[in-house]
Structures are given as C-alpha cells and as structure tokens.
Amino acid sequence: MSDWYKDAVFYEVHVKAFMDADGNGVGDFAGLTGKLDYLHDLGVDCLWILPMYPSPTSTASTRRTAASRTSRSSSTPPTIAACASSPTS
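Residues numbered from 1 in each chain as written. Predicted model: local features only at pLDDT ≥ 70, side-chain atom pairs only at ≥ 80, totals over all residues. Heavy atoms only, no water.

> Help me understand the overall build of the chain in this model?
For the chain, the helix and strand inventory stands at four helices and three strands. Carbon and sulfur atoms make up 55% of the accessible area of the chain, which totals about 7,100 Å². (Helix = DSSP H or I, 4+ residues; strand = E, 2+ residues; numbered from the N terminus. Areas by Shrake-Rupley, 256 points an atom, 1.4 Å probe, with all protein chains shown as cover.)

Rendered as structure tokens:
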C-alpha cells in the first residue's frame with residue numbers, strides 16, 4: 001500500500017461555511033462539489049470534512065444557539081470520506 005498521504009495536501013472544510021449553492025445562506029454539498037476543480041487547482045489532494053451535527057460536549061451558550069435555529073429532521077449523521085485515490089504527479 002502506498003503512503004501517498006504523507007505528502008498529500010489536506011484541506012479541512014466546514015461544509016456549512018464553505019459554499020452555498022441553493023441560496024439559503026448555508027453551505028451545502030452542492031456548493032462544495034461545485035468547487036472541487038478550484039480546490040484541485042490549488043493542489044488539494046484530500047478533503048477533511050468536519051462533522052455536521054451538534055457536539056455532545058457543547059456549552060450552554062451553544063445549546064441556546066442551536067435551540068434557536070429552525071428545527072430540521074435529525075437522522076443519523078452522514079459519514080463521508082472525500083479523499084483522492086492517489087496523488088497527481
């Protein structure tokens with residue numbers, strides 16, 4: 001197995017803050033995927049996607065903020081790995 005990750009460029013992305021494709025003010029996967037060519041041009045080999053669900057260790061102030069948001073259906077959080085299969089030379 002190759003150790004490609006040792007020389008890879010990782011980019012940590014918070015999807016909700018990265019790019020909004022549908023105009024609702026919150027970043028989404030359509031916005032992220034629409035910028036993959038841009039990220040590739042920057043030399044990014046792998047995306048590290050941050051979790052998109054409330055933290056179980058949140059503080060009282062973040063719980064109040066979360067409670068004030070519009071309720072959305074809560075299902076099991078997605079697990080996504082969007083890494084390049086191998087680096088480009």
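> How should I be thinking about the side chain of D45 in this particular structure?
If you trace the backbone, D45 turns up in the loop between helix 3 (36–41) and strand 2 (46–49). Of the buried charged residues, D45 lacks a salt bridge, with K6 as the closest side chain of opposite charge at 15 Å. (Buried < 20%, exposed > 50% of the residue type's maximum accessible area, 1.4 Å probe, protein only. Lys, Arg positive; Asp, Glu negative; His and termini not counted. Salt bridge = Lys/Arg side-chain N within 4 Å of Asp/Glu carboxyl O.)

> How should I be thinking about the packing of aromatic side chains in this particular structure?
Any two aromatic rings considered together are summarised by their centre-to-centre distance and by the angle between their planes. Throughout the structure, instances matching the rule amount to three aromatic pairs. Judged by centre distance (6.4 Å) and plane angle (80°), the ring pair of W4 and Y5 falls under edge-to-face. Between Y11 and F18, the aromatic rings sit 6.3 Å apart at their centres with planes inclined by 70°, giving edge-to-face as the arrangement. Since its relative accessible area comes to 32%, Y11 is described here as partly exposed. The exposure class assigned to F18 is partly exposed, which follows from its relative accessible area of 23%. Here the basic side chain of K35 rests over the ring of Y38, its NZ or CZ set 5.8 Å away from the ring centre. (Phe/Tyr/Trp six-rings, centres within 6.5 Å; stacked < 30°, edge-to-face > 60°. Lys NZ or Arg CZ within 6 Å of the ring centre and 35° of its normal.)

> I keep staring at the nonpolar core and nothing clicks. Help me out?
When a protein is soluble and globular, its nonpolar side chains tend to lie buried together. With seven residues, the main nonpolar core is built from V13, V15, L32, L39, V44, L47 and I49. Not counting residues up to four positions away in its chain, the partners in contact with L32 are V13, V15, F18, M19, L39, L47 and I49. (Core = buried A, V, L, I, M, F, W, Y, C linked by side-chain atoms within 4.5 Å. Contact = heavy atoms within 4.5 Å.)

> Just to check I follow, could you spell out the side chain of D28 for this structure?
For D28, the location among the structural elements is in the loop between helix 1 (15–18) and helix 2 (29–34). In this structure D28 touches V15, M19, D20, A21 and D22, once residues within four positions along its chain are discounted.

> Looking at this structure, how should I read the pattern of salt bridges?
Note that side chains of opposite charge can pair when their charged atoms are close. Scanning the model with the defined rule gives one salt bridge in all. Of the charged contacts in the structure, one is a salt bridge between K6 and D3, with a shortest N-O distance of 3.3 Å. For D3, a relative accessible area of 39% translates into the label partly exposed.

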